[in-house]
Amino acid sequence: MDNLKVQVDMNHGIARFIEPLLRLLLPAPGRHRSPEPPSSMPSVDAPTRPLPRVPVLRGEDIGLVRPYLVAFEQRQEGRRQRGRRRALWLAMHGVDIGPRLIHGVEVTA
């Protein structure tokens, strides 16, 4: 039983040490906060300066893009590149599967 009493006393001792320390470091919460001491000088409102104008940005002006859109475009470009390489490889081996329109002009064989 003596051991239990020593533990309880130790907990109270720690609480007694920490409570004043917290009162010094942290302000009181909410409505229990002590009122500010009245200032000796009357408060005078300083003239306000206008806020600087911030330019309005549109969505197109911002470089942020959703990553799934970038990945989709990269996959599409990869497919187009593979198609061009395949057509070139086949053309080197005598197979013509090239486009029917080049720069808007129809290609006839």
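Residues numbered from 1 in each chain as written. Predicted model: local features only at pLDDT ≥ 70, side-chain atom pairs only at ≥ 80, totals over all residues. Heavy atoms only, no water.

Caption draft 1: Structural context of a nonpolar patch on the surface. A grouping of I14, F17, I18, L21, L22, L24, L25 and L26 is seen on the molecular surface, where their side chains present a nonpolar patch of about 840 Å² in accessible area. Following the sequence through the fold, F17 ends up in helix α1 (residues 2–25). (Patch = residues over 30% accessible without salt bridge, like charges linked within 9 Å, V, L, I, M, F, W, Y side chains within 5 Å. Areas by Shrake-Rupley, 256 points an atom, 1.4 Å probe, with all protein chains shown as cover. Salt bridge = Lys/Arg side-chain N within 4 Å of Asp/Glu carboxyl O. Helix = DSSP H or I, 4+ residues; strand = E, 2+ residues; numbered from the N terminus.)

Caption draft 2: Quick look at the pattern of salt bridges. Summed over all chains, the structure comprises three salt bridges. The closest approach of N and O atoms between R23 and E19, which form a salt bridge, is 2.8 Å. Taken together, the positions of R23 and E19, both in helix α1 and four residues apart, correspond to about one turn of that helix. Classification of R23 by relative accessible area gives exposed; the value is 62%. Looking at E19, the relative accessible area reads 42%, which means it is partly exposed. As a salt-bridge pair, E77 and R80 come within 2.9 Å of each other at their nearest N and O atoms. Taken together, the residues span about one helical turn, with E77 and R80 both in helix α2 (residues 67–92) at a distance of three residues. Residue class for E77 comes out partly exposed when judged on its relative accessible area of 35%. Classification of R80 as partly exposed rests on a relative accessible area of 44%. (Buried < 20%, exposed > 50% of the residue type's maximum accessible area, 1.4 Å probe, protein only.)

Caption draft 3: Just a positive patch on the surface, in detail. Taken together, R75, R79, R82 and R86 make up a surface patch of like positive charges. Its location among the elements puts R75 in helix α2. (Lys, Arg positive; Asp, Glu negative; His and termini not counted. Charge placed at Lys NZ, Arg CZ, Asp CG, Glu CD.)

Interpretation note: all reported values are geometric properties and have no functional meaning in isolation.
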